[in-house]
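Coordinate analysis (summary)
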Amino acid sequence: TPRPRLVRIGATEARKKLDRLRRAPSRTKQANNMMLRSAAACPAFRSALLRSKVKATMLPAMRAPRRCVAAAAGGEFTSAANGMKWRDDVVGSGKSPSKGEEISAHYTGRLTNGTKFDSSLDRGPPLTFEIGIGQVIKGWDVGILGSQADGIPPMKTGGKRTLVIPPEMAYGARGAGGVIPPNATLEFDVELVAC
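This report concerns the structure included in the present document. Only a predicted model underlies this, so the values are computations on that prediction, with no experimental measurement involved.

1. Some words on the pairing of strand S4 (residues 85-90)
Inspection of the sheet shows strand S3 (residues 78-79) paired to S4 by two bridges, in the antiparallel sense. Paired with Thr78 across the strands is Trp86, a residue of S4. As consecutive antiparallel partners, S3 and S4 are separated by five residues, and within that stretch Gly83 has a phi angle of approximately 100 degrees, a positive value. In terms of strand pairing, S4 meets strand S8 (residues 160-165) through five bridges, oriented antiparallel. Residue pairing in the sheet places Asp88 in a bridge with Arg161 of S8.

Set out below in C-alpha cells:
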C-alpha cells in the first residue's frame, strides 16, 4: 500500500481550501468527506474548520492528525484539552518513546515575550532523561509522550515540535531559578533525537 504523502499547508491555504469546499454544490457527501480527511491530515486545516460554522455533527468524526508538516513560519497551533498548545514542525519517521524509556532531546525554551531562558543547543549535547516519570516538567512528558485523552499524538524520533505549556504544567507559582517568573507560560522547541 502506498504511504500517505506529507501535507504542507499553512493557515491561509487552509482557509482557502475550506472556503472552496463549503461552496461546493449543496455541500455534497464527497465535499464533507474531503473536509474531514483534510482536517485529520493537518492541524492548520482542522483549526480553520473548527473556527468555521460547520455542522456540529461532523466534528466527532475528526481525529488527531497523523502525518502533517506544518508551515514553520506562522503554522497554526493545535489546542489540547489540558491547556497546552502544540505544533509539529517536522513529523519524525522513527519510533515513539514509551513511558519510563530513556530519551535524548534538543530543546530551546522561551518566555512568551520571546526571551530565551535555556537551550541544549548552546551547550552541545542533547538532554537525556527518562520520559513520563516526572524527571522534567509535566508539559514535556505529555508533549513528547502524547496524550490520547487530550488529542496530542506522541512524537516520533527525528520529529520537531513546538509546545506552549501553561504554568500549571510547567513551574507554576514558584517560577524557576530567577529566570522563569511565577505563573509563566513557556514555549519550547523540542527535537526528539533518540529513544
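2. A short note on the pattern of salt bridges
Summed over the entire model, instances satisfying the criterion amount to seven salt bridges. With its nearest N and O atoms 2.7 Å apart, the salt bridge here joins Arg87 to Asp89. Side by side, Arg87 and Asp89 carry an identical accessibility label, which is buried. Here Arg123 ties to Asp118 by a salt bridge, and the two come within 2.7 Å at their closest N and O atoms. Asp118 sits in the partly exposed class, given a relative accessible area of 27%. It is possible to trace a salt-bridge network through shared partners that takes in Arg110, Glu187 and Asp189.

3. Re the packing of aromatic side chains
Tallied over the entire structure, the rule returns five aromatic pairs. Here Trp140 and Phe188 contribute two aromatic rings whose centre-to-centre distance is 5.5 Å and whose plane-to-plane angle is 90 degrees, an arrangement assigned as edge-to-face. Placement of Trp140 in helix H5 (residues 138-145) and of Phe188 in strand S9 (residues 186-194) is noted, with a sequence separation of 48 residues between them. The class of Phe188 is buried, set by a relative accessible area of 4%. Ring pairing ties together the aromatic residues Tyr107, Phe117, Phe129, Trp140 and Phe188, which thus form one cluster.

4. Topic: unusual backbone geometry
The phi dihedral of Asn183 is positive, around 55 degrees, even though this residue is not glycine. Under the relative-accessibility criterion, Asn183 is labelled exposed at 51%.

5. Section: the nonpolar core
One finds Met84, Trp140, Ile144, Ile165, Leu186, Phe188 and Val190 to be the most contacted residues of the largest nonpolar core, which totals 27 residues. At the level of elements, strand S5 (102-111), H5, S8 and S9 are the ones that each hand at least two residues to this core.

6. Digging into the environment of Ile133
Mapping Ile133 onto the fold places it in the loop between strand S7 (127-130) and H5. The class for Ile133 is partly exposed, based on a relative accessible area of 43%. Counting along the chain gives 32 residues from Ile133 to Glu101, while the straight-line C-alpha distance between them is 9.2 Å.

7. With respect to H5
Since the α-helix advances by 3.6 residues per turn, residues separated by three or four positions end up pointing in the same direction. Within H5, six of the eight residues are buried, which leaves it mostly tucked inside the rest of the structure. Within H5, burial applies to Gly139, Trp140, Asp141, Val142, Gly143 and Ile144. Elements that come into contact with the buried residues of H5 comprise S5, S7, S8 and S9. Taken from the residues just after H5, Gly146 is the one with a positive phi, measuring 85 degrees.

8. Brief notes about the side chain of Ser119
Mapped onto the elements of the fold, Ser119 is located in strand S6 (residues 116-119). Taking the relative accessible area as the measure of exposure, Ser119 reaches 3% and is therefore buried. Here the side chain of Ser119 touches Thr108 through a polar contact of 3.0 Å, side chain to side chain.

Rules behind the numbers
- Residues numbered from 1 in each chain as written.
- Predicted model: local features only at pLDDT ≥ 70, side-chain atom pairs only at ≥ 80, totals over all residues.
- Heavy atoms only, no water.
- Pairing = 2+ DSSP bridges.
- Helix = DSSP H or I, 4+ residues; strand = E, 2+ residues; numbered from the N terminus.
- Salt bridge = Lys/Arg side-chain N within 4 Å of Asp/Glu carboxyl O.
- Buried < 20%, exposed > 50% of the residue type's maximum accessible area, 1.4 Å probe, protein only.
- Phe/Tyr/Trp six-rings, centres within 6.5 Å; stacked < 30°, edge-to-face > 60°.
- Core = buried A, V, L, I, M, F, W, Y, C linked by side-chain atoms within 4.5 Å.
- Contact = heavy atoms within 4.5 Å.
- Polar contact = N/O pair within 3.5 Å; in protein donor to acceptor, adjacent residues only side chain to side chain.

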